[in-house]
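If you want the building blocks of each chain, they are given just below.
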Amino acid sequence: MTTDATPAELATAYRHAGYRATGLWTDTDLAQLVADRAAAHPDRELFLFEGRRVTYGEFERWTRAVAQDLVRRGVRPGDRVLVLLPNCLEALVLQIAAFRAGAVDVPVVPIYREHEMRQIIGDCAPAAVCTTISLGSRVPTTELDTLLDELGQKPVVRYAVGGMPEGWSTVPTVDALTDEPLPAPRAPEDPVLLLYTSGTTAAPKGAMLSSRAVVAHMVNFQDVLEAGEHTVTLAATPLSHLGGFIAAVVFPTFLGGRSVIMPGWAPDEALALIEAEGVTLMMGATVFIADLVQRYETLPAERYRLTTYAAAGAALAPELVDRAAAAGVSVVRCYGMTETAGVLAGAARTDPLERRREWDGRLLRGMEMEAVDDDGNLVPPGTIGRFRIRGPQLLDAYTDPVVSAEQIDENGWFYPGDVGRIDEQGWVQMVGRTKDIVNRGGEKFSTMDIEMVVGSHPGVEKVAVTAIADERLGEAVGAWVVLDEPTRAAGVQPLLEYLVERRLAKQKIPVEWHVVEALPATASGKMQKHRLASLADLEVWTAGPGSRA
């Protein structure tokens, strides 16, 4: 740091020194993590996937063999390796191999199709790509070939899983391992992960994360969850998504523990795996814990069940936390995002239930978070404002400098677009996004708050609330709901009466109800509200206070 550094640069340097001094930023890199753990206990099981048990030693040798092949074919340090795969072993192997080759891992959820992939490929310019030959009725290898040709991209290697179309190679097996050396690991501050956000409201944005940011999250996550070598994690979310990748291999490897990986979510199968494998931890969106609790409520109390569920990524009704506790599962609500390498606030199992049911955890060590008004001024503790965040887990930048400038200021504050409150004890409560606020004639309501109440009705299976246009008030409250048959048959009136009984302010009661078969969501469970208006309605009810009927 030079003597002519600006005050903002000096402040940043002091913050960074603090991250190092407190052990949040270390020299640990993701490329070496698997190798180090394998050297310490090569025969220990790392994960179970569809009946196949893989040890640390076997996984280390396989990822090294693939990394050698990447380097041999021309992948260089800093190049991007794009992985577009459903849940399979190759999805884990390719991502870790990318680290070990000195490259940047670019995992992409397989629900993305040509529209999103055209933007992603154009943005990241991958040196290597890996996908599957079939995904339902789709042929992803053909999709990628077409897009790569259209964009003039010529990756040095194309790996296919499940076959070998012309121009594609199979992923090397452990038998391909040689004595060839691998590149030196990248510096802890260098980007190793390029993650494209889920695109719930707009086109995917490329967030670049360093090893030190991810490792800082691992340190904090281990502390708040009291995890260790004894921890057995169930991973059911996509392995090409940060949450699934962390749960399946990064966090277990960091701990020296093990994971159980599912090819997709199947609640009855999950129940059996949890019991058979002694699973202690699961993390993900609301849908998974809701399915598990529904089943646990019918089982004898003596049956083994999941110990801890870390919930993040979607609204969670307090009543579900209560039901989980009654069924023997501790739900700990968390708050985080891709840009913070995972969660930045989380509750512990030992925290009081009344806190865990209402709040999204306490700020993790080293993480700073403030709530500000529209002019950037701090609001009093406990008051709703726009969040801003900084800390050791934060992304370095987006691939688009314009987006970086819009969301990260000169003082290192990141503005995620979320709205909520932070109390005097550092507890965080998200109430929605800046775009998830209904401005009804000057009165502003959080859609998440309304969703919590509507979703607590026993006949409402899923709900999404958003602003709808209103000629007189500017905006009004609209709800899209998936209902069970009795609730749908009863019509809107019992729902309105329920909301009044729950003391929901009349102004917050939806005036337009769209009954639909399913709600659009990303693979990680986040609601895609920008797609609600295009859904086919089973029924539309127009009723409630201020109705336009």
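Residues numbered from 1 in each chain as written. Predicted model: local features only at pLDDT ≥ 70, side-chain atom pairs only at ≥ 80, totals over all residues. Heavy atoms only, no water.

1. Things to note about the confidence of the model for the protein
We count it as follows: For every residue, the predictor states its confidence as a pLDDT score lying anywhere from 0 to 100. Two residues form a contact once any of their heavy atoms are found within 4.5 Å.
Looking at the protein, the pLDDT average stands at 92 and 95% of residues meet or exceed 70. Note on residues 545-549: pLDDT under 50 across the span, and 14 contacts to partners over four residues away in sequence or across chains.

2. Some points on the packing of aromatic side chains
As a reminder of what qualifies: Each pair of aromatic rings taken from Phe, Tyr and Trp, with Trp reduced to its six-membered ring, is defined by centres within 6.5 Å and is described as stacked if the planes are under 30 degrees apart, edge-to-face if over 60, and tilted in the remaining cases. Under the scheme used here, helices are H or I runs from DSSP no shorter than 4 residues and strands are E runs no shorter than 2 residues, and both carry numbers assigned from the N terminus. For each residue, the accessible area found with a 1.4 Å probe, counting protein chains only, is set against the maximum for its type, and the residue is called buried under 20%, exposed over 50%, and partly exposed in between. Two thresholds decide whether a charge sits over a ring: the Lys NZ or Arg CZ must be within 6 Å of the ring centre and within 35 degrees of the ring normal.
Per the counting criterion, the structure on display carries six aromatic pairs. On the numbers, 5.4 Å between centres and 80° between planes, the contact of F47 with F59 is edge-to-face. Taken together, the positions of F47 in strand β1 (residues 45-49) and F59 in helix α3 (residues 56-73) put the pair twelve residues apart, joining distant regions of the chain. A single burial state applies to F47 and to F59, both of which are buried. An angle of 45° between the planes, with centres 6.1 Å apart, marks the rings of F99 and F245 as tilted. Pair noted here: F99 is in helix α4 (residues 89-100) and F245 is in helix α8 (residues 242-255), with a separation of 146 residues, a long-range link. Judged by relative accessible area, F99 falls into the buried class, the value being 3%. Residue classification places F245 among the buried positions, given a relative accessible area of 1%. A cation over a ring is seen here: R212 above W25, with NZ or CZ 3.6 Å from the ring centre. Taking NZ or CZ as reference, R388 lies 4.9 Å from the ring centre of W413, over its face.

3. Digging into the nonpolar core
Cut-off, in case you're wondering: By nonpolar core we mean a set of buried residues, namely Ala, Val, Leu, Ile, Met, Phe, Trp, Tyr and Cys, connected to one another through side-chain atoms within 4.5 Å.
In this structure, F59, V66, L70, L92, F251 and Y335 are the most contacted members of the largest nonpolar core, which totals 101 residues. Residue contributions to this core peak at ten residues, all from α8. Setting aside residues no more than four positions away along its own chain, F59 makes contact with V34, L46, F47, V54, L92, V93, I96 and V249.

4. Points about the pairing of β1
Regular strands show a simple pattern: their side chains alternate between the two faces of the sheet. Which entries qualify depends on this criterion: When DSSP finds two or more bridges between a pair of strands, those strands are recorded as paired.
Among the five residues that make up β1, five are buried, leaving the element largely enclosed by the rest of the structure. Looking at chain direction, β1 and strand β2 (residues 52-55) are connected through four bridges and run antiparallel. By the bridge assignment, L48 is partnered in β2 with R53. What sits between β1 and β2 in their antiparallel hairpin is a turn of two residues, with E50 showing a positive phi close to 50°. Looking at chain direction, β1 and strand β11 (residues 258-261) are connected through three bridges and run parallel. Bridge pairing in β11 links F49 to I261.

5. A few points about unusual backbone geometry
Not every positive phi belongs to a glycine, and A125 is a case in point at roughly 45°. Position of A125 among the secondary structure elements: in the loop between α5 (114-124) and β5 (128-132). A positive phi angle, near 60°, is found at A341, a position not held by glycine. By the secondary structure assignment, A341 is in the loop between β14 (330-337) and β15 (342-346).

6. Some remarks on helix α9 (residues 267-277)
Applied cut-off: The arc under discussion is defined with respect to the helix axis, by the directions toward the C-beta atoms.
Taken residue by residue, α9 has P267, A270, L271, L273, I274 and E277 as its buried positions. Looking down the long axis of α9, one finds its buried residues gathered within 170° of arc, a one-sided arrangement. Away from its buried face by more than 90 degrees, α9 exposes D268 and A276. Looking at the buried side of α9, the elements it contacts are β1, β2, β10 (232-235), β11 and α10 (286-296). A positive phi of about 65° marks G278, the residue just after α9.

7. Overview of the sheet that holds β10
Backbone hydrogen bonds are what pair the strands of a sheet, in a parallel or an antiparallel way. In plain terms, the rule: Every angle, taken between N-to-C directions, lies between 0 and 180 degrees, and every axis is a line fitted to C-alpha atoms, over only the stretch in contact when it is a helix.
Here we have nine strands laid out as an open sheet, ordered β2-β1-β11-β10-β12-β13-β14-β15-β16, and mixed in their pairing. Whereas interior strands pair on both sides, the edge strands pair on one side only; in this sheet they are β2 and β16 (362-363). Summarising the sheet, strand β13 (residues 308-311) and β14 pair through four bridges and their orientation is parallel. Its bridge partner being in β14, A311 is matched across the sheet by R333. Contacts from α10 reach β12 (281-284), β13 and β14, with the element oriented near 130° to β12.

8. Focus on the sheet that holds strand β18 (residues 385-390)
With respect to topology, four strands assemble into an open sheet ordered β17-β18-β20-β21, the strand pairing being antiparallel. Looking at the sheet topology across the chains shown, the edges are occupied by β17 (368-372) and β21 (428-433). Direction aside, neighbouring strands of the sheet carry axes that sit 45° apart on average. The pairing of β17 with β18 spans five bridges and is antiparallel. Residue pairing in the sheet places V372 in a bridge with R386 of β18.

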